[in-house]
Amino acid sequence: MSVIMILLGASLLVAIFFLAAFIWSVKNGQFEDDFSPAHRILFEVKPPETTCKSGHACTNKNCKSRICKP
């Protein structure tokens, strides 16, 4: 019977420790990221291309095909 009381006390101490760690992390802003990094990579916007398919720098920024003349 005494072993059960020791294990009950130890489990309560561990539970209180994890509850305190959770409350501390919430207060310090650990859970403020609304859009997690695991999903952010799926919707990342690629930077626009600055070179043409011919390899030259494109002077027309509105060019859709990126086929420019040298």
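Would you mind showing me how to read the overall build of the chain here?
From N to C terminus, the chain includes two helices and zero strands. Every one of the 70 residues in the chain was classed for burial, and the buried ones make up 9%. For the chain, the exposed area adds up to about 6,800 Å²; of that, 68% sits on carbon and sulfur atoms.

Would you mind going over helix α1 (residues 2–27) with me for this structure?
Working note: α-helix, 3.6 residues per turn, so residues spaced by three or four point in the same direction. Given a rise of 1.5 Å per residue, 26 residues ought to cover 38 Å, and the 38 Å separating the end C-alpha atoms of α1 matches this to within 8%. Looking at the residues trailing α1, positive phi occurs at G29, about 80°.

Hey, could you run me through the packing of aromatic side chains in this one?
Geometry of an aromatic ring pair is reported as the spacing of the ring centres plus the angle between the planes. Summed over the entire model, instances satisfying the criterion amount to one aromatic pair. Relative to F18, the ring of F17 lies with its centre 5.5 Å away and its plane at 70°, an arrangement referred to as edge-to-face. For F17, a relative accessible area of 54% translates into the label exposed. By relative accessible area, which is 54% here, F18 ends up exposed.

How should a nonpolar patch on the surface be read in this particular structure?
A contiguous nonpolar surface patch, about 490 Å² in accessible area, is contributed by L19, F22, I23, V26 and F31. Here I23 is to be found in helix α1.

Is there a simple way to think about the side chain of S25 in this case?
Relative to the assigned elements, S25 resides in helix α1. Residue class for S25 comes out buried when judged on its relative accessible area of 10%. Aside from chain neighbours lying at most four places away, what touches S25 is Q30 and F31.

Cut-offs used in this document
Residues numbered from 1 in each chain as written. Predicted model: local features only at pLDDT ≥ 70, side-chain atom pairs only at ≥ 80, totals over all residues. Heavy atoms only, no water. Helix = DSSP H or I, 4+ residues; strand = E, 2+ residues; numbered from the N terminus. Buried < 20%, exposed > 50% of the residue type's maximum accessible area, 1.4 Å probe, protein only. Areas by Shrake-Rupley, 256 points an atom, 1.4 Å probe, with all protein chains shown as cover. Expected span 1.5 Å × (residues − 1). Phe/Tyr/Trp six-rings, centres within 6.5 Å; stacked < 30°, edge-to-face > 60°. Patch = residues over 30% accessible without salt bridge, like charges linked within 9 Å, V, L, I, M, F, W, Y side chains within 5 Å. Salt bridge = Lys/Arg side-chain N within 4 Å of Asp/Glu carboxyl O. Contact = heavy atoms within 4.5 Å.

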